[in-house]
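Read off the chains here:
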Amino acid sequence: MAIRIRYHGCVDALYQDCTMLHVDADGFFAAVEQALDPALRGRPVVTGSERGIIAAASYEAKARGVKRGIQLHEARRLCPELVILPSDYETYGHYSNRLFAILRRFTPLVEEYSIDEAFADLSGCGALLACPLEEVAAAVRRTVARELGVTVSVGISLTKTLAKLCSKFRKPDGQTIVRREHLPLLLRRTPIAKVWGIGAASAAKFSDHGILTALDFARMEAAEAHRLLHKPGYETWRELRGARVFPLQTEAKARYDSMMKGHTFSPPSDDPRLVYAEALHNLGAALAKLRRHAHLARELGLSLRCQDYSGLAASVPLAAPTCHDCEFAPLLRRLFEALFERRQRYRATLIWLGGLIPEQHRQLDLFDETPRRAAYGRLDQAVDRMNRRYGRDSVAPATLLNRRLKPVHARDAAPARYGNLARGETIRHLAIPRLTLGIQV
Ligand SMILES: [Mg+2]
């Protein structure tokens, strides 16, 4: 029988300064696919068929040497029975939000670091949680596994850099808690290249100086660490020694300088109608995001990438900052006509919006065509609302129909869930969890 230990009184003294928690989901995209479809459990599963490169691999696939970033044909050679799925970022995003919501039951101080990673600060939560850190980590893992059907690895230590090392220490479905007195044990077993923020180039520089482990690094003199790595490396050095330098960023990003949307299509095409439709599709997605975050752009850029990966790019300033499709579309046409070359085959288009300002900083111009702007605004609002409700591109410019000029390729297959919606579901708002029951005969 499990014995539940309850601490009374000064519980925070129990955690002391060891309160930074890092959670990292194990093979997240592939794990979500396995959680949704029991027939995939225990099988080697990867996602990323639409790009031709593995985006995530299940642990069964990893055991066969299949890793993120390798080409699909290489993965098939390593593991002929590999299940290869298209990415379904919509669903992964929903799972991600639910993972963060679970963490917020333990502490309100949560930083959503990436789609499958978060930091959480347990400072001041001792009295509320009333159990040792080992039990907190186990409860996080247990809750995520029970409610989402995926596993996570948890690390708890003094700083973000140390907590991230801890969560990597035992994977998958593991937990590692390292308090101040045991830091040297962790650091001694960590190769320097595994430290968050130390790249391959820095690691090579370190090995020239005989520094191979995180402990060698943490034991350097302060001045030497600063000289060798400058400020960012010096901050990492301090974090490894247990000083909290990197703050928890609990606020969602509120200010943007630029936004980009790009898409690679296959096979490459020399049809200007298709390539333009691809660029316009990216523009629509970038502008919808711009409006969602209440920003305006002062510059539009377009880049066309050729089959041989060479590319051309150009940008154009706008007369006044704006966020409306109707004002950007003619500029995109001009950029496209300046860049597109016949007899060239293209594989990708990229749009960027530059010189962003928050909407409330817009200066009203005496000659501003306000009624026209207001009409554009109402139109965009209505389109955004319908697309949010009924799924992306439910309402879109007719030019986007030219995207269908692309020959159909196996890679274009949509995630199976999109063709199998329950009543009341839209692609954009898949109601999760929704299990497909595998019937074993
Ligand atoms: Mg992960």
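The model shown is predicted, which means the values in this text are computed figures rather than measured ones.

(A) How the structure looks around the domain arrangement of the chain. Taken domain by domain, the chain comprises domain 1 (1–178), domain 2 (183–240) and domain 3 (259–362 + 396–405). Here domain 2 and domain 3 have C-alpha centroids that lie 42 Å from each other.

(B) Just the nonpolar core, in detail. Judged by nonpolar contacts, the single largest core of 68 residues is most densely connected at Leu 21, Val 32, Val 46, Val 150 and Ile 156. Ranked by the residues each element gives to this core, the list is headed by helix 2 (residues 28–36), at seven residues. Two domains each provide a minimum of three residues to this core, namely domain 1 (1–178) and domain 2 (183–240). Other than its neighbours up to four places away in sequence, Leu 21 contacts Phe 119, Ala 120, Leu 122, Val 154, Ile 156 and Ala 163.

(C) Examining unusual backbone geometry more closely. That bond from Lys 171 to Pro 172 is cis: its omega, -5°, falls within 30 degrees of zero. Relative to the helices and strands, Pro 172 resides in the loop between helix 8 (160–169) and strand 8 (175–177). A positive phi angle, close to 55°, is found at Asp 173, a residue other than glycine. With respect to the helices and strands, the residue Asp 173 is situated in the loop between helix 8 and strand 8.

(D) Quick peek at the confidence of the model for the chain. Of the residues in the chain, 90% have a pLDDT of 70 or more, and the chain-wide mean is 87. Ignoring residues within four places in sequence, the model shows residues 1–11, a span with pLDDT below 50, making eight contacts including any to other chains. With pLDDT under 50 throughout, residues 434–441 is counted as low confidence; its partners more than four residues away or in other chains account for nine contacts.

(E) Up close: the pairing of strand 10 (residues 295–306). Here two bridges tie strand 10 to strand 13 (residues 357–358), and the two strands are oriented antiparallel to one another. Bridge pairing links Leu 296 to Ile 357 in strand 13. Two strands pair when backbone bridges link them, and strand 10 and strand 11 (residues 311–322) are joined in this way by eight bridges, in the antiparallel orientation. Across the sheet, Leu 304 pairs through a bridge with Leu 312, a residue of strand 11. Sheet topology places strand 10 next to strand 12 (residues 346–354); eight bridges connect them, and they run antiparallel. Counted as the bridge partner of Ser 303 is Leu 350 from strand 12.

(F) Representation of the pairing of strand 12 in the model. Across the nine residues that make up strand 12, a large majority, seven, are buried. As paired elements, strand 9 (residues 259–269) and strand 12 share seven bridges and run antiparallel to each other. Each bridged residue has a counterpart across the sheet, and for Met 260 the counterpart in strand 12 is Trp 352.

(G) Molecular detail of the packing of helix 13 (residues 272–292) against helix 14 (residues 325–339). Between helix 13 and helix 14, the least distance of the axes is 11 Å, while the angle of their chain directions is 145°. For the pair helix 13 and helix 14, the crossing hand works out as right-handed. Residues Tyr 276, Ala 279, Leu 280, Leu 283, Gly 284 and Leu 287 of helix 13 form the contact with helix 14, whose participating residues are Asp 325, Phe 328, Leu 332 and Phe 336. By residue class, the composition of the contact of helix 13 with helix 14 is eight nonpolar, one polar and one charged.

(H) Region of the structure containing the sheet that holds strand 7 (residues 152–157). One open sheet holds the five strands; their spatial order is 5-6-1-7-8, and the pairing between them is mixed. Because the sheet does not close on itself, it has two edges, and the strands there are strand 5 (110–114) and strand 8. Strand after strand, the sheet turns through a mean of 15° between neighbouring axes, direction not considered. Of the pairings in the sheet, the one linking strand 7 to strand 8 comprises three bridges and is parallel in character. Opposite Val 154, over in strand 8, you have Gln 175 as the bridge partner.

Cut-offs and rules
Residues numbered from 1 in each chain as written. Predicted model: local features only at pLDDT ≥ 70, side-chain atom pairs only at ≥ 80, totals over all residues. Domains from an automatic or database assignment. Core = buried A, V, L, I, M, F, W, Y, C linked by C-beta atoms within 7 Å. Buried ≥ 20, exposed ≤ 12 C-beta atoms within 10 Å, placed from the backbone. Helix = DSSP H or I, 4+ residues; strand = E, 2+ residues; numbered from the N terminus. Contact = placed C-beta atoms within 7 Å. pLDDT = per-residue confidence, 0-100. Pairing = 2+ DSSP bridges. Axes fitted to C-alpha atoms, helices over the stretch in contact; angles between N-to-C directions. Left-handed = near helix turned anticlockwise from the far one by under 90°. Nonpolar A, V, L, I, M, F, W, Y, C, P; charged D, E, K, R; others polar.

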